[in-house]
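Descriptive analysis of the structure
Spelled out, the chains give:
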Amino acid sequence: MDILKILSRGTKKSATQPTIPKPVVKPSNPQLYNDPTRGLKRKRNEEQPSSNQEADDDLEEINFFAPHIAKKPIPEPETRETSKEDASKPLLDDEEVRQVLRSHRLKFTLLSSHERKKSKVKKSKKKEEDKPKEKDGKKQLFPQPMTSFSELRSNYNISTRLGDNLAKQGYRIPTEVQLGSLPLLLQPERAIASSTAKESNFKTKHGVDFLAVAPTGSGKTLAFLIPAINSILRRRAGDAAQKDHILEVVVVAPTRELAHQIVNEGRKLAQGTGVKIVGMKRGMQLPAEGQPDSDSDKEEEGSENDQEAGSSDDDDGDDAEDDKQDNKPQKATTITKTDILVTTPMLLRNFLKSRKLPTVKHLVLDEADVLLDPLFREQTLGIWTACTSDSLRVACWSATMGSNIEGLILEQLKSRESHSSIPLIRLVVGLKDTAVPSINHKLIYTATEQGKLFALRQLLHPSSSDDSMPNMRLPFLVFAQTIDRATALHNELKFDIPVEAGGSSRIAALHSSLSDSARSSIVARFRAGEIWVLITTDLLMRGIDFRGVNGVINYDVPTSAAAYVHRVGRTGRAGHEGGVAVTFYTTEDVAYLKSIANVISLSEKQAGKASEEGIPKWLMDSLPKVGKEEKKKLKKRGVESRRGDKAKITTQSAWERRKENNKRGAIAGSKKRKIQEGVSDTQAVEDGEWGGIDD
Ligand code: ADP
Ligand code: MG
């Protein structure tokens, strides 16, 4: 099929140029978007001539990435930070606010509607006609942004210790999502003008419900952890008697690895504050309503917090703890008291059953779109409804968000009586559902499955004569469609790295059929730089922050556009340049390529790359469209020919393969039995691999 070769050629055009661009952003600056001129532009027509309205809208978004031509630049955050250390800064005026928000590509929208008394409706409608609105008629908001971390102390009154911990870890310049969301979450009354709240008939006194859609690696974790920790410290400061650990914040994340990472980040921030953060474990008992009272309601003297607080990125110690607890469930009488609990949906749901968590004031859904995808929905909503407090505020975070999920969140909030005057505010950073601009994308046509293996070896052992392959620097991640394929690929490649360079210890496979301790040890070794090539499944596609990952290889095509965004988002984190994302595809994949090609195309346009570097429009147009049903099936099951026994990745002889197959027969047999016995999707997901997350 010609189109396949042409597609590869299209994306290879840039291969003659350096494949790893020189960094253009200071590596110490984690911000993706800061175009000071953007804030000065008033009229769309001045930005770019355009033939139709729709294209015009796109260009407006895309132009945020235009080269910086500073006319009247707003001060760099660094300058602001050092010039006026802790002096309280006055509120920015409306025009300044808009300029900062535009410059950093932040868009706030009020998603909830708050009914007025009937007599006032007409009047207010007229008044609101002039106000900026989204295409869907929703109201745009312009809350105060924060321009440096020092403002957290001077203007938002965060605890000194928390501020010190941030500084100690070297956070100096807030990322877009942080500068937009922290004021709103820490002090909504300060961030939103009372006139705005009045106009739309909502209240900010009791906080806001929040939905943030911000790029992968843009610092969402800090953006939800800082307000969480601070809220606990505030409560304690207000009531000296309240030094006990009361479960106030629940953070839900889709995988154990991510939950673990959040616990570690949280402990670094909370060091010395007395705020306790615990990762949920099997068999753990929490103080919940509806469970039998126990005489020995004593706190588990978990050394976890102290042990991990302030420790390095390495999560070895904590993992060891995890395994101990997994192997020996705690006695039912031991109750773990904590301020913040981080959990996967299944672990907490299994504990809760019909129990309630009335003390929880903040529910954080990290990777919210997947948590509310049908695969996890029941568990996540179960946790949500178990948080019965009237003052529960919900914050949802992700790099991708379908409108159906937004709708679900809104419905869920509406169904709670107490929420009629609480606004649901959405923040979108940059363009929704795109990859970060610093990533270099390559689509590589390999014709067949064997071709993929060949191409991967070329990436591992680049020859100077072949300039058609991108230059991949180690370490990198390789994504396969299934556990079987990840295992097979690992077996195939493990002797590819010379013994002198560490041999098979440099390459590993990570997936959910490994034991917890094996999973943790691989993650720790990859973080420590001991493993150079990590072959994995979609288990690792979301949220995981391996700082030094230079490349992502989609050995098998991702099963949705969102899966592409998240997988490739394991590189190019915190503003780092030079990440390469390679996607192999065969004849069988062409039917599913359109949505991925769309993401690449849009992401490259955003990044200001020349159109010929991406995928040409005529080629995009010639890729077949995929129907909704097909998309759903792909998302759920992946490419059919890569499932089960058909999934061969090997150069072994038939005899060797058979031997290998026999060995794995027992595992496969037990898996098949499970499926026949009707193991639900959600259980399979809890086992680690889910099939994607698009609409
Ligand atoms: P996300 O959840 O948006 O994918 P993370 O919260 O995992 O991103 O953060 C990605 C990386 O960026 C982490 O290593 C984190 O320490 C780093 N980071 C976050 N905020 C900042 C900041 N303001 N300055 C520098 N690095 C940051
Ligand atoms: Mg994250």
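This text goes with the structure placed above it.
Heads up: these notes are all about the structure in this document. (Residues numbered from 1 in each chain as written. Chains lettered and ligands numbered in written order. Predicted model: local features only at pLDDT ≥ 70, side-chain atom pairs only at ≥ 80, totals over all residues. Heavy atoms only, no water.)

Inspection of helix 8 (residues 160–168) places Leu-162, Gly-163, Asn-165 and Leu-166 among the buried residues, and these make up the whole buried set. Angular distribution of buried residues about the axis of helix 8 spans 160°; they occupy a single face of the element. Where helix 8 is buried, its residues touch helix 7 (150–154), helix 12 (220–238) and helix 13 (256–270). Immediately downstream of helix 8, the backbone of Gly-170 shows phi near 85°, a positive value. (Buried < 20%, exposed > 50% of the residue type's maximum accessible area, 1.4 Å probe, protein only. Helix = DSSP H or I, 4+ residues; strand = E, 2+ residues; numbered from the N terminus. Arc of directions from axis to C-beta. Contact = heavy atoms within 4.5 Å.)

Okay, the packing of aromatic side chains next. The tally for this structure, following the rule as stated, stands at 6 aromatic pairs. Ring geometry for Phe-224 against Trp-397: centres 5.8 Å apart, planes inclined by 55°, an arrangement best described as tilted. Here Phe-224, found in helix 12, pairs with Trp-397, found in strand 8 (residues 393–398); they are 173 residues apart in sequence, far enough to count as distant. Each member of the pair Phe-224 and Trp-397 is classed as buried. Ring geometry for Tyr-555 and Phe-584: centres 5.9 Å apart, planes at 70°, overall edge-to-face. You can see Tyr-555 sitting in the loop between strand 14 (551–554) and helix 23 (561–568) and its partner Phe-584 sitting in strand 15 (residues 580–586), a full 29 residues away along the chain. Note on accessibility: Tyr-555 and Phe-584 belong to one class, buried. (Phe/Tyr/Trp six-rings, centres within 6.5 Å; stacked < 30°, edge-to-face > 60°.)

Right, let's get into the packing of helix 13 against helix 22 (residues 516–527). For the pair helix 13 and helix 22, the least separation of the axes is 11 Å and the interaxial angle reads 55°. By the angle class used here, helix 13 and helix 22 are oblique. Every pair of crossing elements has a handedness; the one defined by helix 13 and helix 22 is right-handed. Where helix 13 abuts helix 22, its residues Arg-256, Glu-257 and Gln-261 lie against Asp-516, Arg-519, Val-523 and Arg-527. Taken together, the residues of the contact of helix 13 with helix 22 sort by class into 1 nonpolar, 1 polar and 5 charged. (Axes fitted to C-alpha atoms, helices over the stretch in contact; angles between N-to-C directions. Parallel < 35°, antiparallel > 145°, perpendicular 65-115°, else oblique. Left-handed = near helix turned anticlockwise from the far one by under 90°. Nonpolar A, V, L, I, M, F, W, Y, C, P; charged D, E, K, R; others polar.)

This part covers the sheet that holds strand 4 (residues 249–252). In space, the 9 strands of this open sheet follow the order 2-1-9-3-8-7-4-6-5, with mixed pairing throughout. Strands with a single pairing partner mark the edges of an open sheet, and in this sheet they are strand 2 (139–141) and strand 5 (277–279). In this sheet, neighbouring strand axes are inclined to one another by 20° on average, regardless of whether the strands run parallel or antiparallel. Sheet topology places strand 4 next to strand 7 (residues 362–366); 4 bridges connect them, and they run parallel. Within strand 7, the position partnered with Val-250 by the bridge is Leu-363. Packed on one face of the sheet, helix 13 meets strand 4, strand 5, strand 6 (340–343) and strand 7 and runs near 165° to strand 5. Of the strands in this sheet, strand 3 (209–213), strand 8 and strand 9 (424–429) are in contact with helix 19 (residues 403–414), which crosses strand 9 at around 160°. (Pairing = 2+ DSSP bridges.)

Glancing now at the sheet that holds strand 14. A sheet is described by the order of its strands in space; here 6 strands give the open sequence 10-15-14-11-13-12, paired in parallel fashion. Edge positions in the open sheet fall to strand 10 (440–447) and strand 12 (507–510), since each of these has one partner strand only. Sheet twist, expressed as the average angle between the axes of neighbouring strands with direction ignored, equals 20°. Two elements, strand 10 and strand 15, share 7 bridges in a ladder whose sense is parallel. Bridging across to strand 15, Lys-442 finds its partner in Val-582. Packed onto the sheet, helix 20 (residues 449–460) meets strand 10, strand 11 (476–479), strand 13 (533–536), strand 14 and strand 15 and runs at close to 155° relative to strand 15.

This brings us to the pairing of strand 13. The alternating pattern of strand 13 places Val-533 and Ile-535 and Leu-534 and Thr-536 on opposite faces, both of which are buried. Direction of pairing for strand 11 relative to strand 13: parallel, over a ladder of 4 bridges. In the strand pairing of strand 13, Phe-476 is matched with Val-533. Both strand 12 and strand 13 contribute to a ladder of 4 bridges, which runs parallel. Directly across from Ile-507, in strand 13, lies its bridge partner Val-533. Considered for its hand, the β-α-β crossover made up of strand 12, helix 22 and strand 13 is right-handed. (Right-handed = clockwise from strand over helix to strand, strands pointing away.)

In strand 14, alternate side chains face the same way, and those of Gly-551 and Ile-553 on one face and Val-552 and Asn-554 on the other are all buried. The pairing of strand 11 with strand 14 spans 4 bridges and is classified as parallel. Considered in strand 14, the bridge of Val-478 is made with Ile-553. For the crossover that starts at strand 14, traverses helix 23 and ends in the parallel strand 15, the hand is right-handed.

Further remarks concern the site of ligand 1. What surrounds ligand 1 is a group of 19 residues, the closest being Ile-173, Gln-178, Gly-217, Thr-221 and Asp-545. Between ligand 1 and the protein, one listed contact pairs an oxygen atom with a side-chain N or O atom of Asp-545 at 2.4 Å. Interatomic distance of 2.9 Å between a side-chain N/O atom of Arg-573 and an oxygen atom of ligand 1. Within the complex, 91% of the 570 Å² of free accessible area of ligand 1 lies under protein. With 3 residues, the top contributor of residues to the shell around ligand 1 is helix 12. Of the residues contributing to the shell around ligand 1, the split by class is 8 nonpolar, 7 polar and 4 charged. Shared between two domains, the shell around ligand 1 holds at least three residues of each, these being domain 1 (89–114 + 135–326 + 335–429) and domain 2 (439–642). (Near = heavy atom within 4 Å. Polar contact = N/O pair within 3.5 Å; in protein donor to acceptor, adjacent residues only side chain to side chain. Areas by Shrake-Rupley, 256 points an atom, 1.4 Å probe, with all protein chains shown as cover. Domains from an automatic or database assignment.)

It is worth spelling out the nonpolar core at this point. The biggest cluster of nonpolar side chains holds 98 residues, and the ones touching the most others in it are Ile-340 and Leu-534. Top contributing element to this core by residue count: helix 12, with 9 residues. A domain-level breakdown of this core finds at least three residues from each of domain 1 (89–114 + 135–326 + 335–429) and domain 2 (439–642). In contact with Ile-340, not counting residues within four places along its chain, are Ala-228, Ile-229, Ile-232, Leu-247, Val-249, Val-251, Val-275, Lys-276, Ile-277 and Val-278. Core analysis: the second largest hydrophobic core is formed by 39 residues, Leu-211, Leu-347, Leu-357 and Trp-384 among them. (Core = buried A, V, L, I, M, F, W, Y, C linked by side-chain atoms within 4.5 Å.)

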